[in-house]
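Structural description and commentary
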Amino acid sequence: MISKLPSLSDVLYQELGSTVRGDVYRSSDPSHPSFLDYARMFNGGVKVSAMAVVCPLDAPDVSQVILFCRKHSISASVKAGGYGIAGWAVGGDIIIDLCKITDIDIEPPAADGSFTSIRNIGSKGRAKDSPLLPDNSIAVSGGKRRKEDDNDLRPYDLGSAIVADFLYPGGSSSTFTDSPPATRRRLDLEAPASETPQMTTYSGTSGSSHNLDMTLLSSNSLGPSIPVVSNHLTSNLPSINSATTNVALSSPLPDTSSDPPPCASLLPDPFSYLDDAPGVPPVTSISQLAQSMPNALFATPSFLRFSTNILTYSMPIYSHAFITFGAGRRQKEIDEFSAANPLEAMSLAGGRGTVPYHIPSAAYPVGSAIMILGGFGFLGRLHGLSSDNLVEAEVVLADGRIVMWSLRGAGPAFGVVTRYKVRAYPVPVVFAGSLIYRFHRTTAPSLIKHFRDCVKGAPRELYANVLLTAGPVGQDSLVVIQMCYVGPKVMGQELLQAISSWDGERCLFNDVDEKSFVHQQDSIAQVLHGKSGNKWFIRSTLISSLPDVIVNKTVLQFADTPVGYTWLFELAGGALGDFEDSCIPKAQRQASFTVTALYQWNIELQDPCCVHSAEEWIADTLAPVTLGGPLPSYLGRQEPPGRVIACYGENWARLCKVKKTYDPDNFFRSSFWPLNAKGEIIEPEEHEPI
């Protein structure tokens with residue numbers, strides 16, 4: 001939705017255009033119709049009233065835009081994908097769209113656990129003097145219009161053809177464009193009887209006497225080095241001829257070496273099933289490669305009886321890798337790059353293999369800002385939040401200073417991140433998919449409780465959720481259970497059998513099977529079937545438990561929600577509680593579930609019922625088990641200031657001090673930050689678009 005606003009004057013337009021190398025598009029200039037494409041948000045309910053959009057090519061360009069805005073007392077906002085529901089990305093007079101900063105590269109860790117600093121990476125996403133790693137994934141052309149880029153990423157049919165055919169029999173392009181019907185949707189009220197930060201800075205070139213710095217932020221060097229999988233094959237790998245910096249994690253993974261796990265599935269290493277089991281002699285391997293390796297990888301004789309031949313898999317050489325990418329990359333592009341550029345591995349059938357390395361992130365659609373706002377998805381219980389795995393960032397600030405701590409969970413309020421370096425982990429295969437049931441008031445409580453009991457104490461490799469989704473019009477409301485086990489079928493099959501053993505009614509279908517991680521990332525978006533341009537609303541929270549009374553009330557309330565509504569319970573815990581170097585407090589990290597209400601409806605309609613239903617469920621029904629606010633990445637439109645502050649709990653006071661030090665005049669006010677320059681609480685209408 002575009003609102004009318006006086007355009008940037010010719011003088012200011014020419015000045016801005018002369019200071020940046022990227023393109024500038026004015027809202028009222030007919031010669032630049034691309035303004036609409038670059039200013040548009042995924043949430044069609046956000047009103048855009050900016051004077052211009054600037055598409056910087058790098059951090060120095062961003063520096064110049066901020067200097068320009070400060071010089072002329074013009075507000076700015078930062079867009080890195082445009083998927084945020086609240087619309088902060090387009091709330092400024094000038095929109096800084098980072099879509100052209102798309103460098104990307106992947107590297108294994110050096111022998112000492114170090115990585116190539118962003119400062120030593122060239123403009124094409126590679127280490128200086130190193131051969132360029134080809135980007136075999138989707139191309140993002142600098143001259144391609146943003147609308148076309150977005151359209152290329154919006155099909156989410158890789159998750160499952162079965163799900164697509166079942167949910168959208170009229171075609172996978174079907175969307176929630178219908179108005180609320182007189183009879184809301186098909187809703188069977190009764191179940192059928194027959195259906196049971198060392199900080200380095202460098203200055204950007206500036207024509208102004210006030211210089212704006214770019215800051216390279218990396219974790220402090222007090223912690224232990226990052227481990228590399230020990231293997232004799234590592235010495236045969238080509239070395240990286242580039243400058244590296246010895247950087248250790250400020251929040252190292254816990255040392256569990258002295259605590260023997262009760263079973264292999266609870267080990268932090270998802271490939272622990274390949275280790276020797278105590279008291280069981282190793283079998284004779286049929287692989288010459290495996291025979292030549294010390295300490296046979298094959299756990300027990302039962303390995304050869306697995307229904308899926310494990311010899312088809314590859315064993316990663318490295319425990320993790322590092323992916324460096326520009327802020328203009330969306331998560332789907334990063335995953336496609338990862339899948340197209342795997343690292344060398346050991347084939348268990350003999351010889352060499354490859355394994356893709358993926359960064360922990362939320363499922364699609366999501367932009368790069370998820371890296372500094374939390375970010376929870378399929379790898380979260382195993383490897384932590386997106387922000388937990390951020391090891392270095394290139395940040396543009398008014399005074400060139402910031403601390404790494406504030407970036408992990410609250411970054412948009414302190415600066416503009418132009419490039420990220422993030423830990424990525426080997427994901428050869430996942431055992432994942434959906435189980436879909438019709439929603440019945442009488443049986444849904446039993447199903448949700450069964451799910452809750454099955455995932456209690458689940459291994460970290462398992463991500464699982466249960467969601468209630470209403471519509472589309474004329475179709476049944478559904479209960480969908482999604483699981484993603486990071487590993488092969490032979491390790492996740494027992495968990496699937498437990499979850500699918502519920503016999504309260506017939507499962508419409510079960511498509512859980514082995515697949516690539518990049519395919520699994522499409523699954524939630526495929527079920528939600530979100531449409532760009534619709535109005536979107538989101539509310540979320542974290543809960544300590546899911547007692548029966550909450551389940552019963554949830555089902556009764558959901559039965560009266562509108563078409564296009566989805567309520568989601570995601571299993572939390574696992575690695576989320578391992579990290580402390582973050583502004584996301586420990587209490588939130590110890591939650592049992594993250595809970596979200598999502599709703600989309602046609603842009604032409606006024607439907608306040610969605611807002612009231614979500615607020616009532618989150619604020620009232622779930623109140624007895626709520627732990628503060630949601631993860632910051634789940635903050636939505638018109639969030640009460642108290643909920644925003646509750647996201648950070650006991651860390652809020654420290655965040656306020658950081659804000660006062662590094663952004664005292666609240667330049668980055670087009671963000672979640674609920675305070676003005678005086679430190680006074682303001683309502684959301686004062687810092688986000690109408």
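The rules behind the values
- Residues numbered from 1 in each chain as written.
- Predicted model: local features only at pLDDT ≥ 70, side-chain atom pairs only at ≥ 80, totals over all residues.
- Heavy atoms only, no water.
- Disulfide = S-S within 2.5 Å.
- Buried < 20%, exposed > 50% of the residue type's maximum accessible area, 1.4 Å probe, protein only.
- Helix = DSSP H or I, 4+ residues; strand = E, 2+ residues; numbered from the N terminus.
- Pairing = 2+ DSSP bridges.
- Axes fitted to C-alpha atoms, helices over the stretch in contact; angles between N-to-C directions.
- Contact = heavy atoms within 4.5 Å.
- Parallel < 35°, antiparallel > 145°, perpendicular 65-115°, else oblique.
- Left-handed = near helix turned anticlockwise from the far one by under 90°.
- Core = buried A, V, L, I, M, F, W, Y, C linked by side-chain atoms within 4.5 Å.
- Arc of directions from axis to C-beta.
- pLDDT = per-residue confidence, 0-100.

**Some thoughts on the state of the cysteines**
Simply put, disulfide is the name for a covalent bond between the sulfur atoms of two cysteines. Throughout the structure, instances matching the rule amount to 0 disulfides. With no disulfide partner, cysteine 99 has as its closest neighbouring cysteine sulfur the one in cysteine 55, 4.2 Å distant. Cysteine 99 gets classed as buried once you look at its relative accessible area, which sits at 3%.

**Section: the pairing of strand S15 (residues 430-438)**
The buried count for S15 comes to 8 of 9 residues, which makes it a mostly enclosed element. Pairing analysis gives 3 bridges linking S15 to strand S19 (residues 513-515), with the strands arranged antiparallel. Looking at S19, one finds that valine 430 is bridged to lysine 515. One ladder, built from 8 bridges, connects S15 with strand S17 (residues 478-485); its direction is antiparallel.

**Looking at the sheet that holds strand S2 (residues 52-55)**
Within the open sheet, the 4 strands sit side by side as S1-S2-S4-S3. Their pairing is mixed. The sheet is open, and its two edges are formed by strand S1 (23-26) and strand S3 (76-79), each paired on a single side. Neighbour-to-neighbour, the strand axes of this sheet turn through a mean angle of 20°, independent of strand direction. Helix H1 (residues 10-19) rests against S1, S2 and strand S4 (94-97) of the sheet, and its axis sits at about 160° to S1. Its contacts with the sheet place helix H3 (residues 59-71) against S2, S3 and S4, and it is angled at close to 170° to S4.

**Remarks on unusual backbone geometry**
With glycine set apart, most residues show a phi of negative sign, and most peptide bonds adopt trans. Located in the positive-phi region is glutamine 638, a residue other than glycine, with phi close to 55°. When you line up the elements, glutamine 638 lands in the loop between helix H16 (609-621) and helix H17 (641-646). Here the phi dihedral of asparagine 666 falls at roughly 55°; this positive angle occurs in a residue that is not glycine. Tracing the backbone shows asparagine 666 in the segment after helix H18 (652-662).

**Considerations on the packing of helix H10 (residues 444-455) against helix H14 (residues 548-558)**
When two helices pack together, their arrangement is given by the angle between their axes and by how far apart the axes lie. At a minimum axis distance of 9 Å, the contact between H10 and H14 shows a crossing angle of 140°. Regarding the angle of H10 to H14, the classification is oblique. Considering how the two elements wind past one another, H10 and H14 form a crossing that is right-handed. Listed contacts from H14 to Ala444, Pro445, Ile448, Lys449 and Arg452 of H10 are Asp548, Val551, Asn552 and Val555.

**Concerning the nonpolar core**
Membership of the largest hydrophobic core comes to 58 residues, with the highest contact counts inside it found for Leu8, Ile94, Phe325 and Tyr420. The biggest single contributor to this core is H3, with 6 residues. Ignoring any residue separated from it by four or fewer positions in sequence, one finds isoleucine 94 in contact with Leu8, Leu16, Ala52, Val54, Val65, Cys69, Ile74, Ser75, Ala76 and Ser77. Membership of the second largest hydrophobic core comes to 45 residues, among which are Ile448, Ile481, Val555 and Ala597.

**Concerning H18**
Along H18, the residues classified as buried are Trp652, Leu655, Val658, Lys659 and Tyr662. The arc that holds the buried residues of H18, viewed along the axis, is 115°, so those residues lie on one side. Residues Lys657 and Lys660 are exposed on H18 and point more than 90 degrees away from its buried face.

**Concerning the confidence of the model for the protein chain**
Overall, the prediction assigns the protein chain a mean pLDDT of 74, with 66% of residues at 70 or greater. Mean pLDDT values over the elements of the protein chain span from 32, in helix H6 (residues 288-291), up to 98, in H10. Counting contacts from residues 129-145, a segment whose pLDDT is below 50, to residues more than four positions away or on other chains yields 39 contacts. The low-confidence segment residues 172-211 (pLDDT under 50) makes 112 contacts with residues lying over four places distant or belonging to another chain.

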